[in-house]
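# Structural overview
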Amino acid sequence: NSSDLSPPSFILASIPGLEAAHFCMAILLCSMYILAVTGNCVVLFIVKMEISLHVPMYFFLCMLAAIDLALSTSTVPRALSLYWFNSTEISFSACLVQMFLIHTLSAIESTVLLAMAVDRYMAICHPLRHAAILTNAVTVKIGLVAMARGVIFFLPLPLLLLPLPFCSSRVLSHSFCLHQDVMNLACANTTPSVVYGLTAILLVMGLDSVLICLSYILILKVVLSLASWKERLKLFSTCIAHICVVLAFYVPLIGLSVVHRFGKDLAPLVHITMGNIYILVPAVVNPIIYGVRTKEIQRRILNLIHICKDRT
């Protein structure tokens, strides 16, 4: 039967047995999505308006904000239609497009986080050369390289799934499409897809995480060489926000990978929760982290609040 070999659609996962809680789940997702969109838009607006923030560090922050907006927008509205309107089916082509966007945007975010780590390394370890090397033009080029790297490495993922036959179950583990999730539904040899997917992850997220750790080892070496503890804390405090953002990205990513690899017998709620954390937590917490750690952003937000209060 050709309809078994070429599925017209997949079934997005809801929470079995908790259909009554779908509305509450949708409210929670919608609230987090609104926070993510509002927070990242505020960051983009403030960096644009505040001339003092027109430096590579905050241009990289704008890239993160744009990526988080794109990633959450490509997944959350579709998940909300699932919980609010019980729209469980997603077409095969739409699923592949969503999968490509999720993995590509994640790869771009990983590259930007690496660039931010290099920026911190240059600012602390080579402060006199920092401004000369990391110019605004170089920052734009790094952003373009990050985009090209994500597309080149992760475009083959949906292409490898296109010729595969799909049969039996069409039910996914999440409310959005991931490569390993869709691949597991194929009733054919998926070794090339498995090997390439693992290779792409290791060469992008794996390599980036190692280089980020290396940059902070070098930063720590310089910081510890200072005589004064006050100077050490002051210097290293400039990295705190970036470290928190790195953890907010990589911890959910590793958690989701572990659940996919070892959690086949876990309850569906665990898979769905980990997937939503992976998609939404970085988008929600990144603006908060930089808002708390950056005085210029705090001051601009307070000014906006005062202006809104005066108008009302």
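Cut-offs applied
Residues numbered from 1 in each chain as written. Predicted model: local features only at pLDDT ≥ 70, side-chain atom pairs only at ≥ 80, totals over all residues. Heavy atoms only, no water. UniProt positions renumbered as here; feature names shortened; annotations may be inferred. Helix = DSSP H or I, 4+ residues; strand = E, 2+ residues; numbered from the N terminus. Expected span 1.5 Å × (residues − 1). Buried < 20%, exposed > 50% of the residue type's maximum accessible area, 1.4 Å probe, protein only. Salt bridge = Lys/Arg side-chain N within 4 Å of Asp/Glu carboxyl O. Contact = heavy atoms within 4.5 Å. 1 Å grid on protein atoms, 1.4 Å probe; cavity = no way out; pocket = protein on both sides within 12 Å on 5 of 7 lines; lining within 4 Å. Points joined across faces, edges and corners; volume = space filled by probe spheres on them. Nonpolar A, V, L, I, M, F, W, Y, C, P; charged D, E, K, R; others polar. Core = buried A, V, L, I, M, F, W, Y, C linked by side-chain atoms within 4.5 Å. Disulfide = S-S within 2.5 Å. Lys, Arg positive; Asp, Glu negative; His and termini not counted.

Under an unreviewed UniProt entry, the chain has the name Olfactory receptor and belongs to Halcyon senegalensis.

What follows is about the UniProt feature "transmembrane region" (unreviewed entry) in the chain. As recorded in UniProt, the feature "transmembrane region" (unreviewed entry) lies at residues 20–46, 58–76, 96–118, 130–155, 194–223, 235–257 and 269–292. Within residues 58–76, the helical portion is 89% and the strand portion 0%, while the C-alpha atoms at the span's ends are 26 Å from each other.

In this model, helix 3 (residues 56–73) (18 residues) spans 26 Å end to end at C-alpha, consistent with the 26 Å of a helix rising 1.5 Å per residue. The element helix 3 is largely enclosed, with a buried count of 14 among its 18 residues.

Attention now goes to the pattern of salt bridges. Summed over all chains, the structure comprises 2 salt bridges. Note that Arg-120 and Asp-119 form a salt bridge whose closest N and O atoms lie 3.0 Å from each other. The exposure class of Arg-120 is buried, given its relative accessible area of 10%. Judged by relative accessible area, Asp-119 falls into the buried class, the value being 1%. Residue Arg-149 is joined to Asp-208 by a salt bridge in which the shortest nitrogen-to-oxygen separation is 2.9 Å. With Arg-149 in helix 7 (residues 136–154) and Asp-208 in helix 10 (residues 191–224), the pair connects residues that are 59 residues apart, well separated along the chain. For the pair Arg-149 and Asp-208, a shared accessibility class is recorded, and that class is buried.

Looking at where Ile-133 falls in the secondary structure, it is placed in helix 6 (residues 127–133). Along the chain, Ile-133 and Gln-180 lie 47 residues apart, while their C-alpha atoms are 39 Å from each other. When neighbours within four sequence positions are excluded, Ile-133 is seen to be in contact with Met-122 and Val-138.

Our next topic: the layout of surface pockets. For the largest pocket, the calculated volume is near 790 Å³. In terms of lining, the largest pocket is formed by 26 residues, of which the most central are Gln-180, Leu-198, Ile-201, Ser-257 and His-260. Elements with a minimum of two residues in the lining of the largest pocket: helix 5 (92–125), helix 9 (179–183), helix 10 and helix 12 (240–262). At 9 residues, the largest contribution of residues to the lining of the largest pocket is made by helix 10. Of the residues contributing to the lining of the largest pocket, the split by class is 13 nonpolar, 11 polar and 2 charged. Here the second largest pocket is characterised by a volume of approximately 200 Å³. Lining the second largest pocket, in full, are Ser-169, Val-171, Leu-172, Ser-173, Asp-181, Asn-184, Leu-185, His-260, Lys-264 and His-271. For the lining of the second largest pocket, the residue count by class is 3 nonpolar, 5 polar and 2 charged.

With respect to the helices and strands, the residue Glu-50 is situated in the loop between helix 2 (22–49) and helix 3. Contact partners of Glu-50, with chain neighbours within four places excluded, come to Arg-299 and Arg-300.

A general trend in soluble globular proteins is that nonpolar side chains are found buried together. With 82 residues, the main nonpolar core has Phe-10, Val-112, Leu-113 and Val-182 as its most contacted residues. Counting residues per element, this core draws most heavily on helix 5, which supplies 16 residues. Leaving out residues up to four positions away in the same chain, Val-112 has contacts with Phe-60, Met-63, Leu-64, Ile-67 and Ala-146.

In the structure shown here, the tally under the stated rule is 1 disulfide. Across the disulfide from Cys-95 sits Cys-177; the S-S distance is 2.0 Å. When the S-S torsion is -120°, as for the bridge of Cys-95 with Cys-177, the disulfide is left-handed. Of this pair, Cys-95 sits in helix 5 while Cys-177 is found in the loop between helix 8 (156–161) and helix 9, placing the two residues 82 residues apart along the sequence. The exposure classification of Cys-95 matches that of Cys-177, with both residues buried. No disulfide involves Cys-62; its sulfur sits 11 Å from that of Cys-41, the nearest cysteine. Among the residues examined, Cys-62 registers a relative accessible area of 15% and is labelled buried.

This brings us to the environment of Val-251. Looking at where Val-251 falls in the secondary structure, it is placed in helix 12. With 127 residues separating them in the primary sequence, Val-251 and Ile-124 have C-alpha atoms 26 Å apart.

Here we take up the side chain of Asp-68. Tracing the backbone shows Asp-68 in helix 3. No salt bridge forms around the buried Asp-68; measuring N to O, its nearest opposite-charge neighbour Arg-149 is 15 Å away. The contact partners of Asp-68, leaving out residues within four places of it in the chain, are Asn-40, Glu-109, Pro-282, Ala-283 and Asn-286.

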